[in-house]
Amino acid sequence: MLKGKVAVVTGGADGIGRKIALELAGAGAKIAIMDINLDKAHQTREETIQAGGIAVASKVDITQSEEVDAGFKQVISEFGQVDILVNNAGFFRLSNEFKNLQEHEWLDMFNINVHGVFRCCRAVLPLMEERQSGKIINIASIAGVAGIAKMAIYSASKGAVISFSKALAMETGKHNITVNCISPGQLKSYGEDADRGTYLKHSGDLGTETAHLVRFLASSDGDYITGANYIIDGGRVLGARKA
Ligand SMILES: NC(=O)c1ccc[n+]([C@@H]2O[C@H](COP(=O)([O-])OP(=O)(O)OC[C@H]3O[C@@H](n4cnc5c(N)ncnc54)[C@H](O)[C@@H]3O)[C@@H](O)[C@H]2O)c1
């Protein structure tokens, strides 16, 4: 399905990103894991290779433009092209009322969740434009759709990713580059009550559903889909309970 394709997954060492890396490798893509945690990135790379895939791993902190640019250069020297970029790396655990947050906390969160996405898109777009082909998939959150109390800055950061993706989709369509978002709800990895507020009796399974949707959007099945934001949350953002 993705044979001959090269996919970059930021934050691909752990969590949802690890699932995405393994899923895309399982579909035949060569994987470049870019993560701030090189040890874990190597573990996921090994796991991918053990499963029969092809993968490289590099230490890239997406808050650092030079590291991002160097990371993409390395992918080009290893694999010669980038067909798929999954902007997954993001910072999540900041739970406090807005009035209690320090300015440096907002700035840090935007630097990873928003500017990190900008940096990776800026690095990959010339490569994709040159080949007149590409798929960019950004991992946002339902926080960016509905807002979540005590996560005001996180919500704002993910809202920014969603609107950025739509605007970028409008600019890149002429180059045959699609840009889409996936907005998961809370996953099991973040607590026992992950199914709270959903309409289903189970929670998201540690990113598996997200990884499956990334694989779909990255494949030719997703060729006519751009500017979309897919919510995977068991219906949590639908509103009032007790239907
Ligand atoms: N887990 C959830 O419930 C949930 C829900 C909705 C959205 N999301 C989003 O999904 C994405 C992945 O979340 P997760 O739960 O798998 O997170 P995680 O913390 O389990 O994994 C994040 C990965 O990103 C890497 N990373 C962190 N900062 C980085 C940086 N500056 N540069 C490069 N890599 C960096 C980490 O080392 C780690 O490997 C995030 O964007 C998050 O906001 C998660």
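Scope of this entry: the structure provided in the associated data block.

Procedures and definitions
Within every chain, residues take consecutive numbers counted from 1 along the sequence as written. Restriction of local features to residues with pLDDT of at least 70 applies here, the model being predicted, together with a cutoff of 80 or more for giving and counting side-chain atom pairs; totals for whole chains, interfaces and linings are based on all residues. No hydrogens and no water enter the side-chain calculation; it runs on all heavy atoms of the structure. Per the convention used, a helix needs a DSSP run of H or I reaching at least four residues, while a strand needs a run of E reaching at least two, with both numbered from the N terminus. Only heavy atoms matter for contacts: two residues are in contact if any of them lie within 4.5 Å across the pair. For the accessible areas, the method is Shrake-Rupley and the probe is 1.4 Å, while residue cover comes only from the protein chains on display. Note on charges: Lys and Arg go in the positive column, Asp and Glu in the negative column, and His and the chain ends are not counted at all. Where a charge lies is defined by one atom per residue type: Lys uses NZ, Arg uses CZ, Asp uses CG and Glu uses CD. Consider each residue's heavy atoms; a residue with any of them within 4 Å of a molecule or strand counts as near. Nitrogen and oxygen atoms within 3.5 Å of one another constitute a polar contact, given that in protein one can donate a hydrogen and the other can accept it, and given that sequence-neighbouring residues count only through two side-chain atoms. Burial status follows relative accessibility: with a 1.4 Å probe on protein chains alone, a residue under 20% of its type maximum counts as buried, one over 50% as exposed, and anything between as partly exposed. Put simply, a nonpolar core is a bunch of buried Ala, Val, Leu, Ile, Met, Phe, Trp, Tyr and Cys residues held in one set by side-chain atoms that sit within 4.5 Å of each other.

What to know about the overall build of the chain
Okay, so step 1: When you go through the chain residue by residue, the secondary structure sums to eight helices and seven strands.
Okay, so step 2: When its C-alpha atoms are laid out on the principal axes, the chain stretches across 50 × 40 × 40 Å.
Okay, so step 3: Partitioning the intrachain contacts of the chain with sequence separation of at least 6 by distance along the chain shows that 70% fall at a separation of at least 24.
Okay, so step 4: As presented, the chain carries roughly 11,700 Å² of accessible surface, and 53% of it is formed by carbon and sulfur atoms.
Okay, so step 5: Positive and negative side-chain charges in the chain, numbering 26 and 27 respectively, have mean positions lying 5 Å apart.

A short note on the environment of S77
Okay, so step 1: Mapping S77 onto the fold places it in helix 3 (residues 65–79).
Okay, so step 2: Linking S77 and I33, residues 44 residues apart in sequence, is a C-alpha distance of 14 Å.

A few points about the site of the ligand
Okay, so step 1: Among the 26 residues in the neighbourhood of the ligand, the closest are listed as I16, D35, N88, Y154 and L187.
Okay, so step 2: Backbone polar atom of V60 to a nitrogen atom of the ligand: 3.4 Å apart, as the coordinates give it.
Okay, so step 3: In the model, an oxygen atom of the ligand is placed 2.6 Å from a nitrogen or oxygen of the Y154 side chain.
Okay, so step 4: Relative to its free-state accessible area of 830 Å², the ligand is covered by the protein chains to the extent of 90%.
Okay, so step 5: Those elements that provide at least two residues to the shell around the ligand are helix 1 (15–26) and helix 7 (152–172).

Digging into the side chain of T10
Okay, so step 1: Counting through the fold element by element, T10 comes out in strand 1 (residues 6–10).
Okay, so step 2: Its relative accessible area of 1% is what places T10 among the buried residues.
Okay, so step 3: There is a polar contact of 2.9 Å between the side chain of T10 and the backbone nitrogen of N88.
Okay, so step 4: There is a polar contact of 3.0 Å between the side chain of T10 and the backbone nitrogen of A89.
Okay, so step 5: With sequence-adjacent residues up to four places away left out, T10 is seen in contact with M34, I62, L85, V86, N87, N88, A89 and C120.

With respect to the nonpolar core
Okay, so step 1: Grouped together as the largest cluster of nonpolar side chains are 30 residues, with contacts concentrated most on V8, F72, V75, L85 and I136.
Okay, so step 2: Elements with a contribution of two residues or more to this core: strand 1, strand 2 (30–35), helix 3, helix 5 (115–131), helix 7 and strand 6 (177–184).
Okay, so step 3: In terms of residues, this core owes the most to one element, helix 5, which gives seven residues.
Okay, so step 4: Sequence-distant contacts of V8, defined by excluding residues within four places in its chain, comprise A32, M34, F72, V75, V82, I84, L85 and V86.

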